[in-house]
Amino acid sequence: MRAAVIYQPGDPKVLKLENRAIPTPKPGQVLISIKVFGLNRSELFTRQGHSPNVAFPRILGIECVGIVSFCPGNELPKDAIVATAMGGMGRDFDGGYAEYTVIPVKNVKVVRWEGEEEVDWVTFGAVPEMLQTAWGSLFKSLRIKKGERLLIRGGTTSVGLAAASIAKNHGVYVASSTRKQENEGVIKESGADEVVIDDGKIAEKIGEKFDKVLELVGTTTLEDSLRCVKEGGSVCMTGMVGNQWELERFSPMDKIPTAVSLTTYSGGPEDFMATPLEDLVKQVQEGRLKVKVGKVFKLEEIVEAHRCMEENRAGGKIVVLT
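From a predicted model like this one, the values you see are computed outputs, not experimental measurements.

Engineer: It is not clear to me how the sheet that holds strand S2 (residues 15-19) should be interpreted in this structure. Could you clarify?
Structural biologist: Sheet strands pair via backbone hydrogen bonds, and the direction of the pair is either parallel or antiparallel. Strand order in the open sheet formed by 3 strands is S2-S1-S4, and the pairing between neighbours is antiparallel. Whereas interior strands pair on both sides, the edge strands pair on one side only; in this sheet they are S2 and strand S4 (58-59). Two strands pair when backbone bridges link them, and strand S1 (residues 2-6) and S4 are joined in this way by 2 bridges, in the antiparallel orientation. Its bridge partner being in S4, Val 5 is matched across the sheet by Ile 59.

And the structure:
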């Protein structure tokens, strides 16, 4: 099989395309023939050397979709359409940047693709990690409710666009932020009611505060996001597109307003399996849930795909065809 392998951290060129033996699954595992995988910023951070617990060489990739090639325990039928994400993929063991991967059965979801003879692999490949992150952030961490006001900080990220669509379908008023006025169209298409131009100081310009904030930019805007929430509300930090990991000299008593809660969402394997992925995919098929695919690459273009992600040029989810 072909695989993109990393032997040491560095720029996108450290991802080397090579031929490897197809791995053999053990009992409790399944061999997946990968059709498509999505790119994620956690893979970017690992490639840059910010994941000290990841041992090299490694095939990166925390998600993929494909079909069951071989399952020694017969827990999953051959040729079933499946999706998987997290659970140590691309970190503790080789992940999705390849034509095949071996995954624990307990971390694989069978997804029925209804009403069409051919699976839309590009769209399907964009959704596992993106939708579980958006869904989990909204409903597990933020506990979003119909009628609430939500601010999505980092509204043009793939998770931000998906979260806007999911929240809007749930009866939530959605405001999404962007640094660029020209992004207003794509944000409105995702379902957002309002677009906020983000200069880093949104709290100073908003009128009515929000019940909840989904923070996808990260620590660079987190303190400002905390000031955007009314008493009893909460902020969930899920993303770090601002590429800053820590807050310097953070004083909770000074930075967290009274009666405002701060939480996070990281999305483990249990969260992925709890995500109603098949229902969300059905909503995508029916056009009720908007999924924005930004760029499509082939496996042999993995270096350019990572460069595109690093430079934030995609305008949506990046997917790679094997």
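Engineer: Would you explain the nonpolar core in this entry?
Structural biologist: Among soluble globular proteins, nonpolar side chains are generally buried collectively. Ranked by size, the top nonpolar core spans 44 residues in total, and within it Phe 124, Leu 131, Leu 138, Leu 150, Ile 152, Leu 214 and Leu 277 carry the most contacts. Among the elements of the structure, strand S6 (81-85), helix H2 (121-126), helix H3 (128-141), strand S9 (149-153), helix H4 (158-169) and helix H9 (277-286) are those that each provide at least two residues to this core. For this core, the element with the most residues is H4, which contributes 6 residues. Non-local contacts of Leu 150, meaning those with residues more than four positions away in its chain, are made with Leu 138, Leu 142, Ile 144, Ala 167, Val 172, Tyr 173, Val 174, Ala 175, Phe 210, Lys 212, Val 213 and Leu 214.

Engineer: Teacher, can you tell me more about the side chain of Thr 238 here?
Structural biologist: Summarising the element assignment, Thr 238 is placed in the loop between strand S13 (229-237) and helix H7 (252-255). On the basis of relative accessibility, which here comes to 18%, the residue Thr 238 falls in the buried class. For Thr 238, the side chain forms a polar contact with the side chain of Ser 137, separated by 2.9 Å. Apart from residues lying up to four places away in sequence, Thr 238 is in contact with Thr 133, Ser 137, Leu 214, Glu 215, Leu 216 and Tyr 265.

Engineer: Looking at this model, I keep getting lost on the pattern of salt bridges. Mind explaining?
Structural biologist: Close approach of charged atoms lets side chains of opposite charge pair. In this structure the tally under the stated criterion is 24 salt bridges. Of the charged contacts, one joins Arg 58 and Asp 94 as a salt bridge, the two residues approaching to 2.9 Å between their closest N and O atoms. Of this pair, Arg 58 sits in strand S4 while Asp 94 sits in the loop between S6 and strand S7 (100-104); the two residues are 36 residues apart in sequence, bridging distant segments of the chain. Note on Arg 58: relative accessible area 12%, which makes it buried. A salt bridge links Lys 212 to Glu 148, with the shortest nitrogen-to-oxygen separation between them at 3.0 Å. Separated by 64 residues along the polypeptide, Lys 212 in strand S12 (residues 210-215) and Glu 148 in the loop between H3 and S9 bring together distant segments of the chain. For the pair Lys 212 and Glu 148, one class covers both residues: buried. Residues joined by salt bridges that share partners form a network here, namely Glu 18, Arg 20, Arg 58 and Asp 94.

Criteria and cut-off values
Residues numbered from 1 in each chain as written. Predicted model: local features only at pLDDT ≥ 70, side-chain atom pairs only at ≥ 80, totals over all residues. Heavy atoms only, no water. Pairing = 2+ DSSP bridges. Helix = DSSP H or I, 4+ residues; strand = E, 2+ residues; numbered from the N terminus. Core = buried A, V, L, I, M, F, W, Y, C linked by side-chain atoms within 4.5 Å. Buried < 20%, exposed > 50% of the residue type's maximum accessible area, 1.4 Å probe, protein only. Contact = heavy atoms within 4.5 Å. Polar contact = N/O pair within 3.5 Å; in protein donor to acceptor, adjacent residues only side chain to side chain. Salt bridge = Lys/Arg side-chain N within 4 Å of Asp/Glu carboxyl O.

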